[in-house]
Amino acid sequence: MSLNESELLAKVPTGLFINGKWVRGGGEEPIAVEDPATGKTLLEIANANATDGLAALTAADEAQAKWAKTPPRERAELLRRTFDLVRERAEEFAMLISLEMGKPLAEARGEVTYGNEFLRWFSEEAVRISGRFGSLPEGHGRMLIAQRPVGPAFAITPWNFPLAMATRKIGPALAAGCTMVIKPAELTPLTTLFLVKTMEEAGLPAGVLNVITTSASASTSAPIIADPRLRKITFTGSTQVGRKLLEQSAFQVLKASMELGGNAPFIVFDDANLDAAVEGAMLAKMRNIGQACTAANRFIVQDAVADEFAKRLAAKMEALKLGRGIAEGTTMGPVINEKARENMQRLVETTVKQGADVVTGGEVGSGAGYFFKPTVLANVQPGSTILNEEIFGPIAPIVRFKDEAEAVRLANDTEFGLVSYAFTEDLKRGMRLVESLDTGMTGLNTGLVSNAAAPFGGVKQSGLGREGGLEGIQEYLETKYVMIPATEI
Ligand code: NAD
């Protein structure tokens, strides 16, 4: 372990953060957070149980009224000060993300810039929450329409973007005047802990943001969701878990935001700029080692360019250097754990049995970490298992198509609807695709759509609600209508 690494890890709090204090959890064994590139433990941290979860909710509930009344400018300034501190510590955040999640340092730096932007964006939105005033059509009164914070929120985040998934929820919640309990994923909790420590230094009032880390997600979360003091749930993770949480949220009719799984189609037409399409494919597929909800899951490529596209994509993939994220020269890290690596192996074997050809990769990488070689599978047959599963790893399956109608039909043939990508030089066709692809987001001639100023989210089973943009703060506000009789005016 290099000196920098141990110095950084020594700065990361290992407790739960409840009501402004770092405390030990009541769960039995600490959580050992592993480095997926080595399989070794980075740090052991507190393990919350259901009692700790409820204590965190009590703190959030008790802080709620005061935080809602805190002037928007003050709420904004807390977020802005945190943004400035994260920017100062960008290298430390990047290294921590890379250590616990495995992505190359350059990508981790990208996540710090992207994730931190949610704090700046929502610090700017905090002072723009507004309402309206108008006459009732009959003339007998006025309507005053205000927006109020919905109340204490519970956030559950995934392991793949340890900073951005947290700031995308903390930013708008705190800006809107909601307090929060956040439960990061047990695989990558360190970045959230370091972020909250940074917020503490920026002046976070006690109870406004509370963190629980736990290896018992279900039994710690369920009592929080069932508690009448909670008013909002915001989840990013798999559709499977999202469904369970929605079911639990139904009991209290919680306001729910769900950022769930994806199965993104990436369509390449024969009139596309093929170099741009391959560049876009590398971004859309390989960012985060393929472990992004926005990851291109199905390459749908027109017959005339399918072989050439596969060849060029494979060449780029083969040029990637696998290694530990923080090591010099690494351009691709490991997948998150052994289970994920086994899943890659299974998907390759099944797809080949179902008629596909391996152009490159298709096997585990060397070393102690969970490496899997970047893989291109060509001539994947329609109906293959891989086309219906979220791959969440470095495998690019290519399916061929003949005409636009077939491409759209294949692209929409999924219960997911997060993002789609399309490459064509024909502007009219591009606009037709934008209208016919059933996804919450489309990248037109680009492999990257995420931006703090844009509404991120999906349709169909990819979720409910949007994060970022003007829409993001709405998820934490509710509307209050006041009727004022004309006689009162
Ligand atoms: P996951 O659903 O397994 O876990 C997500 C979080 O939920 C973790 O914190 C986990 O501890 C917690 N959790 C699991 N079971 C729970 C339960 N029963 N009750 C309460 N909490 C529970 O997902 P993951 O493996 O961490 O992340 C990968 C998934 O997240 C993929 O499906 C990916 O597409 C999705 N994702 C979506 C977006 C988006 O914005 N749409 C962004 C990133 C990731």
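Residues numbered from 1 in each chain as written. Predicted model: local features only at pLDDT ≥ 70, side-chain atom pairs only at ≥ 80, totals over all residues. Heavy atoms only, no water.

Undergrad: So what exactly am I meant to see when it comes to the overall build of the protein chain here?
TA: A tally of regular secondary structure across the protein chain gives 14 helices and 22 strands. Taken over C-alpha atoms, the radius of gyration comes to 23 Å for the protein chain, in line with the 23 Å a tight globule of 489 residues would show. Expressed along its principal axes, the backbone C-alpha trace of the protein chain runs to roughly 70 × 65 × 40 Å. Counting every position in the protein chain, which comprises 489 residues, the buried fraction comes to 56%. In the protein chain, the proportion of contacts linking residues at least 24 apart, taken out of those at least 6 apart, comes to 73%. As presented, the protein chain carries roughly 19,400 Å² of accessible surface, and 53% of it is formed by carbon and sulfur atoms. Across the protein chain, 51 positive and 59 negative side-chain charges occur, with their mean positions spaced 4 Å apart. (Helix = DSSP H or I, 4+ residues; strand = E, 2+ residues; numbered from the N terminus. Rg over C-alpha atoms; globule rule 2.2 N^0.38 Å. Buried < 20%, exposed > 50% of the residue type's maximum accessible area, 1.4 Å probe, protein only. Contact = heavy atoms within 4.5 Å. Areas by Shrake-Rupley, 256 points an atom, 1.4 Å probe, with all protein chains shown as cover. Lys, Arg positive; Asp, Glu negative; His and termini not counted. Charge placed at Lys NZ, Arg CZ, Asp CG, Glu CD.)

Undergrad: For this particular structure, what's the right way to read the environment of Arg 120?
TA: Its location among the elements puts Arg 120 in helix H5 (residues 105–125). Owing to a relative accessible area of 23%, Arg 120 belongs among the partly exposed residues under this scheme. As for Arg 120 and Gly 171, which are separated by 51 residues in sequence, their C-alpha atoms are 8.1 Å apart. What Arg 120 contacts, discounting residues up to four positions off in sequence, is Arg 80, Phe 83 and Arg 87.

Undergrad: Would you explain the environment of Lys 183 in this entry?
TA: Along the chain, Lys 183 turns up in strand E8 (residues 180–183). Along the sequence, Lys 183 and Leu 464 sit 281 residues apart, while their C-alpha atoms lie 19 Å from each other. The residues contacting Lys 183, other than those within four sequence positions of it, are Phe 154, Ala 155, Ile 156, Thr 157, Ile 212, Thr 214, Ser 217 and Ser 221. A polar contact is formed between the side chain of Lys 183 and the side chain of Ser 217, at a distance of 3.4 Å. (Polar contact = N/O pair within 3.5 Å; in protein donor to acceptor, adjacent residues only side chain to side chain.)

Undergrad: Where do I start with the packing of H5 against helix H6 (residues 164–176) in this structure?
TA: Each pair of packed helices can be described by the angle between their axes along with the distance between the axes. Closest axis-to-axis distance for the H5/H6 pair is 8 Å, and the angle between their directions is 5 degrees. With respect to their mutual orientation, H5 and H6 come out roughly parallel. Seen from H5, the contacting residues are Glu 111, Tyr 114, Gly 115, Phe 118, Leu 119 and Phe 122; seen from H6, they are Ala 164, Thr 167, Arg 168, Gly 171, Pro 172 and Ala 175. The residue makeup of the contact of H5 with H6, split by class, is seven nonpolar, three polar and two charged. (Axes fitted to C-alpha atoms, helices over the stretch in contact; angles between N-to-C directions. Parallel < 35°, antiparallel > 145°, perpendicular 65-115°, else oblique. Nonpolar A, V, L, I, M, F, W, Y, C, P; charged D, E, K, R; others polar.)

Undergrad: Any chance you could explain the domain arrangement of the protein chain here in plain terms?
TA: Interfaces are often sized by the accessible area lost when the parts come together. You can read the domains of the protein chain as domain 1 (3–260 + 462–480) and domain 2 (264–451). For domain 1 versus domain 2, the distance between C-alpha centres works out to 30 Å. Listed by partner, the interface residues are 27 residues for domain 1 and 29 residues for domain 2. When the two sides are added together, the surface that domain 1 and domain 2 hide from each other amounts to roughly 2,300 Å², 58% of it contributed by carbon and sulfur. Run the count over domain 1 and domain 2 and you get two salt bridges. With its nearest N and O atoms 2.6 Å apart, the salt bridge here joins Asp 35 to Arg 324. At the junction of domain 1 with domain 2, the criterion picks out 13 residue pairs in polar contact (both at pLDDT 80 or more). (Domains from an automatic or database assignment. Buried area = accessible area lost by both parts, 1.4 Å probe. Salt bridge = Lys/Arg side-chain N within 4 Å of Asp/Glu carboxyl O.)

Undergrad: Looking at this structure, how should I read the site of the ligand?
TA: Neighbouring the ligand are 29 residues, the closest being Thr 157, Arg 168, Glu 186, Ser 238 and Glu 390. Separating an oxygen atom of the ligand from a backbone N or O atom of Thr 157 is a distance of 2.7 Å. At 3.0 Å, a side-chain N or O of Lys 183 approaches an oxygen atom of the ligand. For the ligand, whose accessible area on its own is 850 Å², the fraction buried by protein is 88%. Contributions of two or more residues to the shell around the ligand are made by H6, helix H8 (217–226), strand E10 (232–236) and helix H9 (239–250). Considering each element in turn, the shell around the ligand owes the most residues, three residues, to H8. Broken down by class, the residue content of the shell around the ligand amounts to 15 nonpolar, nine polar and five charged. (Near = heavy atom within 4 Å.)

Undergrad: When you look at the packing of aromatic side chains in this model, what are you seeing that I'm missing?
TA: Geometry of an aromatic ring pair is reported as the spacing of the ring centres plus the angle between the planes. With the rule as written, the count across this model stands at nine aromatic pairs. Seen from their ring centres, Phe 266 and Phe 299 are 4.9 Å apart, and the 50 degrees between their planes marks the pair as tilted. Here the residue Phe 266 occupies a position in strand E12 (residues 264–268), and Phe 299 occupies one in strand E13 (residues 296–302), the gap between them amounting to 33 residues. Each member of the pair Phe 266 and Phe 299 is classed as buried. Look at Phe 269 and Phe 401: their rings are 5.2 Å apart centre to centre, the planes differ by 75 degrees, and that puts the pair in the edge-to-face class. (Phe/Tyr/Trp six-rings, centres within 6.5 Å; stacked < 30°, edge-to-face > 60°.)

Undergrad: Whenever I open this one, the pattern of salt bridges confuses me. Can you help?
TA: Here the idea is simple: oppositely charged side chains can pair when their charged atoms come close. Taken as a whole and judged by the stated rule, the model has 26 salt bridges. A salt bridge links Arg 324 to Glu 5; its shortest N-O distance comes to 3.0 Å. Placement of the pair is Arg 324 in the loop between helix H11 (303–318) and helix H12 (338–353) and Glu 5 in helix H1 (residues 3–11), with a sequence separation of 319 residues. In this structure Arg 324 comes out as partly exposed when scored by relative accessible area, which is 24%. Since its relative accessible area comes to 3%, Glu 5 is described here as buried. In this structure, the salt-bridge partner of Glu 201 is Arg 89, at a minimum N-O distance of 2.4 Å. Of this pair, Glu 201 sits in helix H7 (residues 190–201) while Arg 89 is found in the loop between helix H3 (72–88) and helix H4 (90–101), placing the two residues 112 residues apart along the sequence. Among the residues examined, Glu 201 registers a relative accessible area of 44% and is labelled partly exposed. When salt bridges with common partners are traced through the structure, they connect Asp 271, Glu 404, Arg 429 and Arg 432 into a single cluster.

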